[in-house]
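# Breakdown of the fold
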Amino acid sequence: MPKSQPRAWQRMLSGRRLDLLDPTPVDIEIEDIAHGLAFVARWNGQTNGDYAYSVAEHSILVTDIHARLAPDAPVKWRLAALLHDAPEYVIGDMISPVKAAVGPGYGAVDDRLTAAIHLRFGLPATLPKSLGLVGGHAIGRVHTGGGGQILWPPRPVPDRGPNPAPAPARRGARRFHPTPRRPDGGPLTQIRIRPAHTLDHRDMAELLSEIIAIGGTTAITGRVTAEDITAKIDAHTGRNAWHVAETDDGEIVGFQWIAPLAGGPDEAADIATFAKPGRQGLGIGSKLFDVTRAAAKRLGYGWINANIRADNSSGLTYYQSRGFEDYGRVDGYRMDDGTLVDKILKRYDLR
């Protein structure tokens with residue numbers, strides 16, 4: 001058998017399951033970044049004062065400096081400045097001489113994490129070299145103690161006034177977290193999860209029909225109506241759970257359900273997840289599964305089954321990142337339109 005690829009999973013406080021060696025944008029959460037960077041000390045903690053100078057505080061400073069060096073730059077590049085050290089929320093702030101000694105492996109891990117983080121927030125995977133973040137980063141080092149100097153209180157940045165002194169980690173996380181915005185300057189969309197109700201069925205049907213029309217991810221082939229959704233929900237009243245993901249302006253951007261696994265034991269639930277095309281970077285699937293998992297436990301299920309088309313790479317990645325493990329395969333499944341597809345069976349144990 002071929003040797004399996006190494007994995008380095010870490011469970012984040014948000015509940016996401018991030019593979020540090022093969023990260024994907026769907027596993028990146030801004031709260032995790034803010035929290036992690038706020039607890040990572042620059043220069044291995046070798047600074048004066050009652051609190052460590054965190055990577056979160058450093059990132060905020062570099063963002064401020066970049067804004068002053070390039071006041072007319074698009075807002076998205078300020079977001080890029082804020083996230084320039086974001087991979088350190090899981091790999092730490094290793095000083096440059098040690099990075100050089102470790103070799104190219106460290107840089108490869110950093111690059112993969114950077115690309116996933118950038119894509120999560122609508123930035124290019126690789127930033128243009130003309131962006132000028134290196135200059136802002138260098139100034140940040142001068143004014144906060146880089147190059148072997150410990151400068152607390154730090155020297156003031158011209159036209160900015162004194163830099164803030166190191167602060168408790170949670171304060172740094174709160175300063176970092178509100179800053180990220182969409183590339184167009186608007187606030188990042190907030191997602192809330194709630195139980196689906198009758199008035200949602202039409203929106204859910206339209207969302208699913210849009211996914212079906214695109215093709216390649218679901219075994220459903222025909223257009224779905226609100227009545228179809230209602231019938232599906234009514235079929236397993238009492239042992240199912242349907243939740244929708246809703247934006248702060250009331251748009252339904254995803255939904256997820258569990259119901260008894262057809263032909264399976266009583267302890268097995270089946271699951272299906274749908275996210276609106278073009279809106280997958282909002283953490284919809286992660287937030288939905290957090291609620292669904294809790295509902296499955298309340299309903300007395302012991303494990304959850306997921307059937308994913310073998311050619312649905314995003315679906316396979318999603319369930320894998322939630323902690324589902326392969327346990328079977330169906331070859332030649334015939335869809336309603338006669339097309340044959342293979343399916344991968346994945347299982348999530350609740351106990």
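What you see is a predicted model, and the numbers here were worked out from it, not measured in a lab.

Read from one edge to the other, the open sheet built from seven strands follows the order 3-4-5-6-7-9-8, with strand pairing classed as mixed. Single-partner strands in this sheet number two, and they are strand 3 (191-195) and strand 8 (325-334). Averaged over all pairs of adjacent strands, the angle between strand axes in this sheet comes to 25°, irrespective of strand direction. On the sheet, helix 9 (residues 201-214) packs against strand 4 (241-247), strand 5 (252-260) and strand 6 (268-275) and is oriented at approximately 95° with respect to strand 5. The strands that helix 11 (residues 284-298) touches are strand 3, strand 4, strand 5, strand 6, strand 7 (303-309) and strand 9 (340-349); relative to strand 5, the one it contacts most, it runs at about 30°.

Relative to each other, helix 2 (residues 55-69) and helix 3 (residues 75-82) sit at 150°, their axes nearing to 8 Å. In terms of orientation, helix 2 lies roughly antiparallel with respect to helix 3. Seen along the crossing, helix 2 lies across helix 3 with a hand that is right-handed. Counted together, S59, I60, T63, H66 and A67 of helix 2 and W77, R78, A81 and L82 of helix 3 form the full contact between these two elements. The residue inventory of the contact of helix 2 with helix 3, partitioned by class, reads five nonpolar, three polar and one charged.

Reading the values: rules and limits
Residues numbered from 1 in each chain as written. Predicted model: local features only at pLDDT ≥ 70, side-chain atom pairs only at ≥ 80, totals over all residues. Heavy atoms only, no water. Pairing = 2+ DSSP bridges. Helix = DSSP H or I, 4+ residues; strand = E, 2+ residues; numbered from the N terminus. Axes fitted to C-alpha atoms, helices over the stretch in contact; angles between N-to-C directions. Contact = heavy atoms within 4.5 Å. Parallel < 35°, antiparallel > 145°, perpendicular 65-115°, else oblique. Left-handed = near helix turned anticlockwise from the far one by under 90°. Nonpolar A, V, L, I, M, F, W, Y, C, P; charged D, E, K, R; others polar.

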